[in-house]
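One-letter residues, chain by chain:
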Amino acid sequence: GVLMKRQLMKGQYFSFDAIIASVVFVLTVLALMSYWNSVKAGMETYSDETTKEAIRISDLLLSPPEPLEITDCSGTADKEVKRLGFAVSWENRQLSKQLLTNCQSITQENLRSLLGTPYNVSIFVNSSSGSFDSLQIGKSFEDTPQSKNAAKVRRLVALRDDTGEATLATMDILVYQ
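Before going into details, it helps to say that this report is about the structure given with it. Quick caveat, the model's predicted, so the values are computed rather than measured. (Residues numbered from 1 in each chain as written. Predicted model: local features only at pLDDT ≥ 70, side-chain atom pairs only at ≥ 80, totals over all residues. Heavy atoms only, no water.)

1. Observations concerning the pattern of salt bridges
Reasoning step 1: Counted by the stated rule, this structure contains five salt bridges.
Reasoning step 2: Asp172 is the salt-bridge partner of Lys152, the closest N and O atoms lying 4.0 Å from each other. Highlighted residues: Lys152 in strand S4 (residues 151-160) and Asp172 in strand S5 (residues 166-176), separated in sequence by 20 residues.
Reasoning step 3: One salt bridge connects Arg154 with Asp172, and the closest N-O pair in it is separated by 2.6 Å. Residue Arg154 is located in strand S4, and its partner Asp172 is located in strand S5; the two are separated by 18 residues in the primary sequence.
Reasoning step 4: One connected set of salt bridges, linked through shared partners, spans Lys152, Arg154 and Asp172. (Salt bridge = Lys/Arg side-chain N within 4 Å of Asp/Glu carboxyl O. Helix = DSSP H or I, 4+ residues; strand = E, 2+ residues; numbered from the N terminus.)

2. Concerning the pairing of S5
Reasoning step 1: Counting buried residues in S5 gives nine out of eleven residues, a clear majority hidden from the surface.
Reasoning step 2: Alignment of strand S2 (residues 120-127) against S5, held across eight bridges, turns out to be antiparallel. If you follow Ile123 over to S5, its bridge partner there is Ile173. (Buried < 20%, exposed > 50% of the residue type's maximum accessible area, 1.4 Å probe, protein only. Pairing = 2+ DSSP bridges.)

3. Let's talk about the environment of Thr107
Reasoning step 1: Following the sequence through the fold, Thr107 ends up in the loop between helix H4 (97-102) and helix H5 (108-115).
Reasoning step 2: Overall, the relative accessible area of 36% leaves Thr107 in the partly exposed class.
Reasoning step 3: Sequence spacing of Thr107 and Cys73 is 34 residues, and the spatial spacing of their C-alpha atoms is 10.0 Å.

4. A look at helix H3 (residues 49-61)
Reasoning step 1: Taking 1.5 Å per residue as the helical rise, H3 with its 13 residues ought to reach 18 Å, and the 18 Å between its terminal C-alpha atoms agrees with that figure.
Reasoning step 2: By the burial criterion, the buried members of H3 are Thr50, Thr51, Glu53, Ala54, Ile57, Ser58, Leu60 and Leu61. (Expected span 1.5 Å × (residues − 1).)

5. Observations concerning the nonpolar core
Reasoning step 1: Core analysis: the biggest nonpolar cluster contains 34 residues, and Leu61, Phe86, Leu95, Ile123, Val125 and Met171 have the highest contact counts within it.
Reasoning step 2: For this core, the elements supplying multiple residues, two or more each, are H3, H4, H5, S2, strand S3 (135-137), S4 and S5.
Reasoning step 3: If we ignore the near neighbours within four places in the chain, the residues touching Leu61 are Leu84, Gly85, Phe86, Ala87, Leu95, Leu115, Ile123, Met171 and Ile173. (Core = buried A, V, L, I, M, F, W, Y, C linked by side-chain atoms within 4.5 Å. Contact = heavy atoms within 4.5 Å.)

6. Brief notes about the side chain of Ser122
Reasoning step 1: Structurally, the position occupied by Ser122 is in strand S2.
Reasoning step 2: Among the polar contacts made by the side chain of Ser122, one reaches the side chain of Tyr176 at a distance of 3.3 Å. (Polar contact = N/O pair within 3.5 Å; in protein donor to acceptor, adjacent residues only side chain to side chain.)

The quantities given are spatial measurements derived from coordinates; they are silent on function.
Here it is in structure tokens:
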């Protein structure tokens, strides 16, 4: 009688419930591994330091400057630029064409200082409709062996002129060593 009872108990390890639980467990582990690999691949896209810096700088440039009264990148007579940005105000995120135009002569060193970055920065603003000439801030970017770790971010912007008229444009920010 005892021998027969042991043989019946051994068969419970392969019951239908245990097989289904094992299959569900394996499928869950595979799904989690697949999800983790896709998340990891997405994080690697923005893990490059120059890419992170280009995104940070583009966000900064789409905010208003501090103080708001500045008309060029050197500030006013009694107020120095604390934060460089080209938006008209926090409520109106259109970029000031006058401020962009007046900042074209800034040196690379001053631009790096105002943006708080150790990298070289080039900013290009191009009209979508060709209604104005391209604006360039910072030295022009040349893809040479000396310029390494380059990252580019493109933002669509509305450029406001002196009359209050807005024009659609693209702003390319290049960050490189």
